[in-house]
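The residues making up each chain are set out below.
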Amino acid sequence: MSSFPVTRLRRLRRTSGIRNLVRETRLDLDDFVMPLFVGTRLGVRAVILFGIPDEKDEEGSGAYDDDGIIQRALRALDGSELVLLTDVCLCEYTSHGHCGVIRNGEVDNDETLELIARTAVTHVEAGADAVCPSDMMDGRVAAIRDELPETPIIAYSAKYASAFYGPFREAAESAPAFGDRRGYQMDPGNVREALRECDQDVAEGADVLMIKPALPYLDVIRAARERFDLPLAAYNVSGEYAMVKAAAAKGFLDERQAALESLTAIKRAGADLVVSYWTKELATWL
Ligand SMILES: [Zn+2]
């Protein structure tokens, strides 16, 4: 390996034309998924739908109601060009805001599985192209796979108990009424455990693995990329987006530059597809 002055790495950074030629990571709108609470946006290729039901109950029955908000939205979007993904979880539909049914003050894993699978089935019957279980119960991918052998499952394999979900919970009104989600979502300090979660999901029949959040967990994305050959997704969550928005609103940084840098970092770490609230802006930036 030669060194300076023979090697001058700045030679390939001199002009934007040269930088473009040798760029290792590029953003392509085809790789981005827009999270939607309602409606569609021009240019966006794929959306993931989250329901905000009028009524909630202990068992989250709105999640698996054939006439539920997501099921109706899917039917309304039938025939559109969009790839329709759905978030499969009970927390937006439960009166207590947890991702499963509560027994003795705790989320009951096995009893929740049946409702998660039932929710996924109603989504597919209403037109979902792929389902994305986000509850972090053990065995949920297998429970869905049993019912839906033909449907792609994008598993939120390593979903961390993160402070960065704040703005989403505000919008989806899904903050837990008591306690927190640390009994089922992952501890932010762990990366080997994330790979075990991915292993489980692969064994249970997942088609795509997802890491959530993205920016504070780039090392986890990289570790999963190196270990698994499945397509890898990363969820650039509401808090990551809101931080940049807020800083840009104060004039501290340029939103477009900061967003493109953040999304490039997520791709560079190894994500094949990215769920991001910037997808609609990206449609105009790219
Ligand atoms: Zn949930």
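It should be noted that the structure appears before, not after, this text.
Conventions and cut-offs
Residues numbered from 1 in each chain as written. Predicted model: local features only at pLDDT ≥ 70, side-chain atom pairs only at ≥ 80, totals over all residues. Heavy atoms only, no water. Donors = N, O, S within 2.8 Å, 3.2 Å for Na, K, Ca; no water. Buried < 20%, exposed > 50% of the residue type's maximum accessible area, 1.4 Å probe, protein only. Axes fitted to C-alpha atoms, helices over the stretch in contact; angles between N-to-C directions. Helix = DSSP H or I, 4+ residues; strand = E, 2+ residues; numbered from the N terminus. Parallel < 35°, antiparallel > 145°, perpendicular 65-115°, else oblique. Left-handed = near helix turned anticlockwise from the far one by under 90°. Contact = heavy atoms within 4.5 Å. Salt bridge = Lys/Arg side-chain N within 4 Å of Asp/Glu carboxyl O. Pairing = 2+ DSSP bridges.

A. Region of the structure containing the coordination of the zinc ion. Only Cys89 (SG), Cys91 (SG) and Cys99 (SG) from the protein reach the zinc ion as donors, at distances of 2.2 to 2.3 Å. When the donor residues of the zinc ion are listed from N- to C-terminus, their spacing reads C-x1-C-x7-C. In terms of burial, Cys91 and Cys99 fall into one category: buried.

B. The arrangement of the packing of helix α6 (residues 192–204) against helix α7 (residues 218–227) in detail. Axis separation between α6 and α7 bottoms out at 10 Å; the angle between their running directions is 45°. Classified by the angle between their axes, α6 and α7 sit oblique to one another. With respect to the hand of their crossing, α6 and α7 are arranged in right-handed fashion. The segment α6 lies against α7, with Ala194, Leu195 and Asp199 engaging Val220, Ala223, Ala224 and Arg227.

C. Broad picture of the pattern of salt bridges. Taken as a whole and judged by the stated rule, the model has 16 salt bridges. When the shortest N-O distance is used, the salt bridge between Asp201 and Arg140 registers 3.4 Å. Placement of the pair is Asp201 in helix α6 and Arg140 in helix α4 (residues 140–147), with a sequence separation of 61 residues. Residues Asp201 and Arg140 agree in their burial class; the two are buried. A salt bridge links Glu226 to Arg222, with the shortest nitrogen-to-oxygen separation between them at 3.6 Å. Of this pair, Glu226 and Arg222 both sit in helix α7, four residues apart, which is roughly one turn of that helix. Given a relative accessible area of 61%, Glu226 falls into the exposed group. Each of Lys245, Glu255, Lys280 and Glu281 takes part in a single network of salt bridges with overlapping partners.

D. Here's a closer look at the sheet that holds strand β1 (residues 32–36). The parallel open sheet is built from eight strands, whose spatial order is β6-β3-β2-β1-β10-β9-β8-β7. The open sheet is flanked by β6 (130–133) and β7 (154–159), the only strands paired with a single partner. Pairwise comparison of adjacent strand axes, ignoring direction, gives a mean angle of 30° for this sheet. Summarising the sheet, strand β9 (residues 232–236) and strand β10 (residues 273–276) pair through four bridges and their orientation is parallel. Residue Ala234 lies in a different strand from β10, and its bridge partner there is Val274.

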